[in-house]
Every structure is written in structure tokens, then in C-alpha cells.
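For reference, the chains in residue letters:
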Amino acid sequence: MNRPLPAVRLRVPTHEDAFTWHRAFDDPEVMEFLGGGGAALSFYEELTARQRRHDAERGFCLWSLLGEADEVIGFAGAQPWPHEWGPKGEIEIGWRLGRAHWGKGYATVAARETVDRVRAAGVPDVMAMIRPGNERSVAVALRLGMEPAESYNHPRFDAPVHCYRLSLT
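As the structure is a prediction and not an experimental result, all values here were calculated from the model.

Rules used in this analysis
Residues numbered from 1 in each chain as written. Predicted model: local features only at pLDDT ≥ 70, side-chain atom pairs only at ≥ 80, totals over all residues. Heavy atoms only, no water. Phe/Tyr/Trp six-rings, centres within 6.5 Å; stacked < 30°, edge-to-face > 60°. Buried < 20%, exposed > 50% of the residue type's maximum accessible area, 1.4 Å probe, protein only. Lys NZ or Arg CZ within 6 Å of the ring centre and 35° of its normal. Helix = DSSP H or I, 4+ residues; strand = E, 2+ residues; numbered from the N terminus. Arc of directions from axis to C-beta. Axes fitted to C-alpha atoms, helices over the stretch in contact; angles between N-to-C directions. Parallel < 35°, antiparallel > 145°, perpendicular 65-115°, else oblique. Left-handed = near helix turned anticlockwise from the far one by under 90°. Contact = heavy atoms within 4.5 Å. Nonpolar A, V, L, I, M, F, W, Y, C, P; charged D, E, K, R; others polar.

Enquirer: Tell me about the packing of aromatic side chains, residues and numbers included.
Expert: According to the stated counting rule, one finds six aromatic pairs in the structure shown. Plain terms: the ring middles of W81 and W85 are 5.2 Å apart, the flat faces sit at 90° to each other, and that makes the pair edge-to-face. In this pair, the class of W81 matches that of W85, namely buried. Linked through ring pairs, W21, F25, F43, Y44 and F75 together constitute an aromatic cluster. Of note, R117 hangs over the ring of W63, and the distance from its end group to the ring centre comes to 4.6 Å. Over the ring of F157 we find R131; its NZ or CZ atom is 4.0 Å from the centre of that ring.

If you want it as C-alpha cells, here you go:
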């Protein structure tokens, strides 16, 4: 079945978006492959502030993802890999949506827009880290043309995380 993809818009997150992200991601199903639990509001306040800095300094960030009614439904974008393990120094693309918006094509459209914006910012390649079993994210990565590469052991879960890569040149 081929259905039209939804219209989306990406914008730099505001301080108010931290509240929306906190509510949307305080869902065990949304966070299943990210540890299962939600984070404190302060985490999202710091995250949105850091993304505003990334956008100002680099020209890209994890943008707030707005749905067809211009409401914030999640985020999509890119940032430097923020952990001490894994592909340090590389640019990771990612997406996260509130559960009510799954399966409608939002992540794919937003991820494609992310790739275009990051390429325009001069980034030569990107990667996405995806835990085994997260078939929705794997499907988005494959739709982008990403290819599975190496795996890293996630220190918190003591389990592998697969790295998908895409050259933008």
C-alpha cells in the first residue's frame, strides 16, 4: 500500500518544547529501546537548550518535529554522538515520536529532511545507533539508504547496538 507521506516541519526546539517532549516520551513503549523509563523534565530542558546551541554553532540539531496541524509530535535531527562509548566524534541522526504518531510516515519524512539539512551543512557522513529489535527505526534507516556497519556494546544494557551508516558525499 502506497499512501502519501505526511507534511512535516522541523524547527529549532524552544524551551516550551521540553514540556511537550517530556510528556510525549514519558511512555514505556516510546522508550522501550532507550531504557524503558522516561526522564525528568530537567533532562528535556537541558536537551532543548543544548540543541539550540548545536543549531547556532553547527547549523543542525535535534529539531522539534511538527505534524500536519503544526503541533510538536517529537524530534528528528542530528547531533554529535554524546556518549563516551561507540562512534565518538561522529554525527548521529535520530528521531523519536510520541506513540500516537507512529506508523504514519513522520519519521521517514523527518529523517529525509534531516539528511538534506546535514548534507547542506557540510557533514560528509552520518550514522544512526539502533538497538536490535527496534524494527521501526531499522526500517527508517534502510529507507534513507543507510547500511548496517559495526556494532558496539551498550555499557548500560550490556547488549549490542548496531551502527547504520550513510555517506552524504
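Having seen the model, we can carry on.
Enquirer: Can you break down helix α1 (residues 17-25) residue by residue, with the values?
Expert: When we look at burial in α1, the residues that qualify are D17, A18, W21 and F25. Down the axis, α1 shows its buried residues gathered within 100° of arc, on one side only.

Enquirer: Any details on the packing of α1 against helix α2 (residues 41-58)? Residues and values, ideally.
Expert: Viewed as axis vectors pointing N to C, α1 and α2 meet at an angle of 130°, and their least axial separation amounts to 8 Å. What the angle tells us is that α1 and α2 run oblique. As α1 packs across α2, the resulting crossing turns out to be right-handed. Contacts between α1 and α2 pair D17, A18, F19, W21, H22 and F25 from the former with L41, Y44, E45, L47 and T48 from the latter. Taken together, the residues of the contact of α1 with α2 sort by class into seven nonpolar, two polar and two charged.

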